[in-house]
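Overview (structure and organization)
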Amino acid sequence: MLNEKLPVYVLTGFLGSGKTTALLHILKNCKKRGLRPGILLNELGSVNVETHLFENEKLVEVLDGCVCCTVKEDFKKELGYFLKSENKVDLLFIEGTGVADPGEIVDAVASPELFDYFEVCSVISVVDASRYLEYNSMFSSSKEIRKMLSGQIENSTLILLNKTDGISAPKKEKILKKLKKQTEGRIEMIDTQFGAADIDLLLKQRMEFVQTKQYTSEHHTVNHTFQAVKITDPELLNGKELERKLSQVSDSLIRAKGIITIDNERYHFQYASGSLSLQPYQNNVSDCIILIGYKLPVDQIKALFNRSN
Ligand SMILES: Nc1nc2c(ncn2[C@@H]2O[C@H](COP(=O)(O)OP(=O)(O)OP(=O)(O)O)[C@@H](O)[C@H]2O)c(=O)[nH]1
């Protein structure tokens, strides 16, 4: 199943940082390699004024809200477009709005309904070098905007320090130092002008969706620091047991969700910011547990959630 998943790349970054410019560069280079790209564009407004830039592309637009929050369900539905045989693409690029939290986009792609069909390979964060320091001081008093800006950087797997054409070398060094500190040196950074980075670096797989099934003897070698791990047909657990098990991997766990059955009743569970909530569930997705995190201990997770008999 893993090989059949559609590779997904998420482009994130603040308003005007150069996401569309970087995407156009990527599309041009994908085509040179004979790859068929798909594009999902998200816009806050009800009209996208940039659609013309993507003429003749397999394009889906999600308008009037952010896929990371208000139009998350529309987004999941629209992704279905790329699963139809007539719309087949080799890889998919999702450009979030300038205020989107990419962690939430990854989270939506890693939902129980979509996990088997899509795999986020990388979250590319485009940072506007010409405005980075100014934005940090301009928004220093707004906790909400600061959180959004840091989420766009810290929830990425590759940073493009873009618009470096307009800044001095010492300013660029200062920004790189700050970004390195902010990301604890764990995210690769490339400095770019008009998003023109090496295509191999842009398409490198930096995140992995791992699937683990009970009774499997297959061993996954996990090379990627960010992963989503899906446990199909997990051990039967009640809410308290689930919470206890999740807390055992809380150091590396950012998010968990899934479908579980307790006393013959089915529930959709959500685990975020360390707390668990359960909602009755009536659709037909099979029981599963999905964990998203940083350097997840996959073997420990398998031992915790797979059925032992
Ligand atoms: N000088 C300079 N301008 C750039 C660079 N990259 C992009 N731009 C320009 O910056 C403007 C905004 O670029 P976009 O690619 O539309 O930015 P975006 O992040 O998609 O914008 P939103 O979707 O509105 O958030 C455009 O006029 C680009 O031509 C760069 O490296 N240097």
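Predicted, not measured: the structure shown is a model, and the values here were computed from it.

Points about the environment of Leu176
When you line up the elements, Leu176 lands in helix H6 (residues 169-182). Beyond its immediate stretch of four places on either side in the chain, Leu176 contacts Leu161 and Met189.

Some thoughts on the site of the ligand
In the neighbourhood of the ligand, 15 residues make up the surrounding shell, with Lys19, Thr20, Thr21, Asp165 and Phe194 lying closest. A distance of 3.2 Å separates an oxygen atom of the ligand from a polar backbone atom of Ser17. Contact distances for the ligand include 3.1 Å between a nitrogen atom and a side-chain N or O atom of Asn162. For the ligand, whose unbound accessible area comes to 660 Å², protein coverage reaches 69%.

Side note on the packing of aromatic side chains
Evaluated as defined, the whole model comprises six aromatic pairs. Members of the aromatic cluster, each reached through a chain of ring pairs, are Phe14, Tyr135 and Phe139.

Here we look at the nonpolar core
As a rule of thumb, soluble globular proteins bury nonpolar side chains together. Counting 33 residues, the largest nonpolar core has Phe75, Leu79, Ile94 and Val120 as the members making the most contacts within it. Of all the elements in the fold, those that place two or more residues in this core are strand E1 (6-12), strand E3 (58-62), helix H2 (72-79), strand E4 (91-95), helix H3 (102-109), strand E5 (118-128), strand E8 (207-213) and strand E13 (288-294). The greatest single-element share of this core, amounting to four residues, is contributed by H3. Three or more residues apiece are contributed to this core by two domains, here domain 1 (2-203) and domain 2 (210-305). Once you skip the residues sitting within four places of it in the chain, Val120 turns out to touch Val8, Val10, Val106, Val109, Met207, Glu208 and Phe209.

Quick word on the pattern of salt bridges
Using the criterion set out here, one finds 12 salt bridges in the structure. Between Asp116 and Lys230 there is a salt bridge whose closest N-O contact spans 2.7 Å. Here the residue Asp116 occupies a position in the loop between H3 and E5, and Lys230 occupies one in strand E9 (residues 226-232), the gap between them amounting to 114 residues. By the burial criterion, Asp116 is buried, and Lys230 matches it. Measuring nitrogen to oxygen at the nearest pair gives 3.8 Å for the salt bridge that ties Lys163 to Asp128. Taken together, the residues span a long stretch of sequence, with Lys163 in the loop between strand E6 (158-162) and H6 and Asp128 in strand E5 at a distance of 35 residues. The class for Lys163 is partly exposed, based on a relative accessible area of 29%.

Here we look at the confidence of the model for the protein chain
Per-residue confidence for the protein chain gives a mean pLDDT of 86, with 92% of residues at or over 70. Residue range residues 214-223 is modelled with pLDDT below 50. Its contacts to residues more than four positions away, or to other chains, number 17 contacts. Across the interface, the model reports ipTM at 0.99; the global pTM reads 0.81.

Structural notes on the pairing of E13
Burial runs high along E13: six of the seven residues are buried. Examined bridge by bridge, strand E10 (residues 253-262) and E13 share six bridges and lie antiparallel to one another. Paired with Leu253 across the two strands is Gly293, which belongs to E13.

Observations concerning the domain arrangement of the protein chain
One frequent convention defines the size of an interface as the accessible area lost when the parts assemble. Along its sequence, the protein chain is organised into domain 1 (2-203) and domain 2 (210-305). For domain 1 and domain 2, the distance between their C-alpha centres works out to 26 Å. Taken residue by residue, the interface counts 13 residues in domain 1 and 15 residues in domain 2. Interface area for domain 1 against domain 2, summed over the two sides, is near 1,200 Å², with a carbon-plus-sulfur share of 62%. Among the residues of domain 1 in contact with domain 2, Asp107, Pro112 and Phe115 are the three that bury the most area, contributing 47% of the side total. On inspection of domain 1 and its partner domain 2, the count reaches two salt bridges. At the surface where domain 1 touches domain 2, the tally comes to two residue pairs in polar contact (both at pLDDT 80 or more).

Considering the packing of H2 against H3
Interhelical geometry of H2 versus H3 gives an angle of 50° and a closest axis separation of 10 Å. Here H3 runs oblique to H2, going by the angle between their axes. Seen from above, H2 lies across H3 with right-handed handedness. For the pair H2 and H3, contact is made by Lys72, Phe75, Lys76 and Leu79 and by Glu104, Ile105, Asp107, Ala108 and Val109, respectively.

Basis of the calculations
Residues numbered from 1 in each chain as written. Predicted model: local features only at pLDDT ≥ 70, side-chain atom pairs only at ≥ 80, totals over all residues. Heavy atoms only, no water. Helix = DSSP H or I, 4+ residues; strand = E, 2+ residues; numbered from the N terminus. Contact = heavy atoms within 4.5 Å. Near = heavy atom within 4 Å. Polar contact = N/O pair within 3.5 Å; in protein donor to acceptor, adjacent residues only side chain to side chain. Areas by Shrake-Rupley, 256 points an atom, 1.4 Å probe, with all protein chains shown as cover. Phe/Tyr/Trp six-rings, centres within 6.5 Å; stacked < 30°, edge-to-face > 60°. Core = buried A, V, L, I, M, F, W, Y, C linked by side-chain atoms within 4.5 Å. Buried < 20%, exposed > 50% of the residue type's maximum accessible area, 1.4 Å probe, protein only. Domains from an automatic or database assignment. Salt bridge = Lys/Arg side-chain N within 4 Å of Asp/Glu carboxyl O. pLDDT = per-residue confidence, 0-100. Pairing = 2+ DSSP bridges. Buried area = accessible area lost by both parts, 1.4 Å probe. Axes fitted to C-alpha atoms, helices over the stretch in contact; angles between N-to-C directions. Parallel < 35°, antiparallel > 145°, perpendicular 65-115°, else oblique. Left-handed = near helix turned anticlockwise from the far one by under 90°.

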